[in-house]
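Residues per chain are reported as follows:
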Amino acid sequence: MNTAAWMNCLINIVRSDLPDLTNRQMGIMLSVALAPGPHTVRGLAERMGVSKPVVTRALNKLTALGYLARKRDRRDGRNICVGMTRPGAEFLESFNQLIGKGAQDIARAG
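Residues numbered from 1 in each chain as written. Predicted model: local features only at pLDDT ≥ 70, side-chain atom pairs only at ≥ 80, totals over all residues. Heavy atoms only, no water.

1. Details of the pairing of strand β3 (residues 80-84)
To keep things clear, this is the line we draw: When DSSP finds at least two bridges between two strands, those strands are taken to pair. Each helix corresponds to a stretch of at least 4 residues labelled H or I by DSSP, and each strand to a stretch of at least 2 residues labelled E; elements are numbered beginning at the N terminus.
Pairing of strand β1 (residues 39-40) with β3, which is carried by 2 bridges, proceeds in the antiparallel orientation. Counterpart to T40 in the pairing with β3 is C81.

2. Examining the nonpolar core
When a protein is soluble and globular, its nonpolar side chains tend to lie buried together. Where we set the bar: We define the nonpolar core as a collection of buried residues of types Ala, Val, Leu, Ile, Met, Phe, Trp, Tyr and Cys that are connected through side-chain atoms lying within 4.5 Å of one another. Here's how the labels work: a residue is buried when its accessible area is under 20% of the maximum for its type, exposed when over 50%, partly exposed in between, all with a 1.4 Å probe on protein chains only. Any two residues having at least one pair of non-hydrogen atoms within 4.5 Å are treated as being in contact.
Of all hydrophobic cores here, the largest spans 23 residues; its most connected members are I28, M29, L68 and F91. Breaking this core down by element, the ones donating at least two residues are α1 (3-15), α2 (23-34), α3 (41-48), α4 (52-64) and α5 (86-109). Once you skip the residues sitting within four places of it in the chain, I28 turns out to touch L44, M48, V55, A58, L59, L62 and L68.

3. Comments concerning the packing of aromatic side chains
We describe a pair of aromatic rings using the distance from one ring centre to the other and the angle between the two ring planes. Worth spelling out the cut-off: Only rings of Phe, Tyr and Trp enter the pairing, Trp through its six-membered ring, and a pair is recorded when the two centres are within 6.5 Å. The plane angle decides the type: under 30 degrees is stacked, over 60 is edge-to-face, the rest tilted.
Enumeration according to the criterion identifies 2 aromatic pairs in this entry. When the centroid spacing of 4.8 Å and the interplanar angle of 25° are considered together, the rings of Y67 and F91 count as stacked. With Y67 in the loop between α4 and β2 (68-72) and F91 in helix α5, this residue pair connects regions lying 24 residues apart in the sequence. The same class applies to Y67 as to F91, namely buried. An aromatic cluster is built from Y67, F91 and F95, whose rings are joined through pairwise contacts.

Everything listed here is a matter of coordinates, which is why it stays silent on function.
Here's what the structure looks like:
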């Protein structure tokens, strides 16, 4: 996708009712959605190359939105497992549709 297509996609997202997420928050959302789990705060931090507090701050926002859920690992109580919720999956589907619409708009205009 070229730069104009990305700009068009981002404009569609800004105009939508979807909440604005940071790149870190989107990275965590996509990691949980696309990479095989189980997902832990430690594992997400390692995958993204950031500290655990960075992941925790992003998770605070994502859990407040209801997009991700945290649970203490039953096998090892020191670990916090992170999972996608139905609203989180719906958010990503809406986001994906907006990206697709932006790409289609560019293709039609091209």
